[in-house]
Amino acid sequence: MLLFSFLLLPLVLTLYCLLTKEKRNLIVIFLGVFSSTLLCAVQEFVLFSHRLVPYSFGQNLLFYFPQTLVMTIVVYGLFILLTKDEWDFKIKSFFPLIMSFYSIYLPYTIIGFSNSKYAAYYIFLKPLLYLAMILICYFYLKKFYKNLLEKKVPLSIFSMTIFLVSLFFPAIVESLYVINSSIAIVLILSILFILFSIFLVYTNKFLKKE
């Protein structure tokens, strides 16, 4: 039953690699898998403790948003600081790096931190939300970089704002879900977010080799 949640991101990442045919992506993917595996090991054997889900949107948001916003910024930030590649490649590396990271880390969070890992939300909706998050963030990161080069400061600020809000979004939806908020609200927010990512992909074709 968990096959969809385990295979969605790796399959999309494989498709991306076939489309772009960038050999350096293999190193980027290795770094994403390695950092994720290391983090999972630390959380499991050093930091792990059973969590009782509080009936509080705010407390749950504080727990879930590090899984998206903080993890993404830390992993990608370290990649930018430690690699000496050109900036164009660093920007394009966001997608394979973060996709490979969450290909490991997302299943771990579903198994390790979910009270009901066989619920439809964790099997289908959460993986789709994370995929949508990465797609939207990648698009607006590239927009941010392009606008920055062209010295379009307002557009750069707008792009980075959407980037950061998108990193928050799956945590917001999951926080609503775990406190038994209206399933209609959870579904509507999720579907709109996923459709927005599909719209960006099909109208801009930004996953293809440039």
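This write-up is about the structure you can find in this document. Quick caveat: nothing in here was measured; it's all calculated off a predicted structure.

Definitions and cut-offs
- Residues numbered from 1 in each chain as written.
- Predicted model: local features only at pLDDT ≥ 70, side-chain atom pairs only at ≥ 80, totals over all residues.
- Heavy atoms only, no water.
- Helix = DSSP H or I, 4+ residues; strand = E, 2+ residues; numbered from the N terminus.
- Rg over C-alpha atoms; globule rule 2.2 N^0.38 Å.
- Phe/Tyr/Trp six-rings, centres within 6.5 Å; stacked < 30°, edge-to-face > 60°.
- Buried < 20%, exposed > 50% of the residue type's maximum accessible area, 1.4 Å probe, protein only.
- Salt bridge = Lys/Arg side-chain N within 4 Å of Asp/Glu carboxyl O.
- Contact = heavy atoms within 4.5 Å.
- Polar contact = N/O pair within 3.5 Å; in protein donor to acceptor, adjacent residues only side chain to side chain.
- Core = buried A, V, L, I, M, F, W, Y, C linked by side-chain atoms within 4.5 Å.

### What to know about the overall build of the protein
- Tallying secondary structure elements over the protein gives eight helices and zero strands in all.
- Of the regular secondary structure in the protein, the N- to C-terminal order runs α-α-α-α-α-α-α-α.
- Relative to its length of 210 residues, the protein is compact, with a C-alpha radius of gyration of 17 Å against a globular reference of 17 Å.
- The principal-axis extent of the C-alpha atoms belonging to the protein is close to 45 × 35 × 30 Å.

### Points about the packing of aromatic side chains
- Counted by the stated rule, this structure contains 22 aromatic pairs.
- With a centroid separation of 5.7 Å and 85° between ring planes, the pair formed by tyrosine 122 and tyrosine 177 is classed as edge-to-face. Residue tyrosine 122 is located in helix 6 (residues 120–149), and its partner tyrosine 177 is located in helix 7 (residues 153–178); the two are separated by 55 residues in the primary sequence.
- Judged by relative accessible area, tyrosine 122 falls into the buried class, the value being 3%.

### Regarding the pattern of salt bridges
- Applying the stated criterion to the full structure yields seven salt bridges.
- Taking the shortest distance from any N to any O, the salt bridge between lysine 92 and aspartate 88 comes out at 3.4 Å. Here lysine 92 pairs with aspartate 88, and both are found in helix 4 (residues 87–92), just four residues apart, close to one helical turn.
- The salt bridge partner of glutamate 150 is lysine 152, with a shortest N-O separation of 3.0 Å.
- By relative accessible area, lysine 152 is classed as partly exposed at 37%.
- Connected through salt bridges with shared partners, the residues Glu22, Arg24, Asp85 and Glu86 form a single ionic network.

### Overview of the environment of serine 175
- One can find serine 175 in helix 7.
- For serine 175, a relative accessible area of 0% corresponds to the buried category.
- Here the alpha-carbon distance between serine 175 and threonine 203, two residues 28 residues apart in the chain, equals 31 Å.
- Apart from the residues within four sequence positions on either side, serine 175 is in contact with Phe57, Asn60, Leu61 and Tyr64.
- Within polar-contact distance, the side chain of serine 175 engages the backbone nitrogen of leucine 61 at 3.1 Å.
- Within the local environment of serine 175, its side chain forms a polar contact with the backbone oxygen of alanine 171, the two atoms lying 2.7 Å apart.

### Things to note about the nonpolar core
- Core analysis: the largest hydrophobic core is formed by 63 residues, its most contacted members being Tyr76, Phe94, Ile98, Tyr102, Tyr105, Met133 and Ile134.
- Among the secondary structure elements, those contributing two or more residues to this core are helix 1 (3–20), helix 2 (25–47), helix 3 (57–82), helix 4, helix 5 (94–113), helix 6, helix 7 and helix 8 (183–204).
- Per element, the largest residue contribution to this core is 18 residues, and it comes from helix 6.

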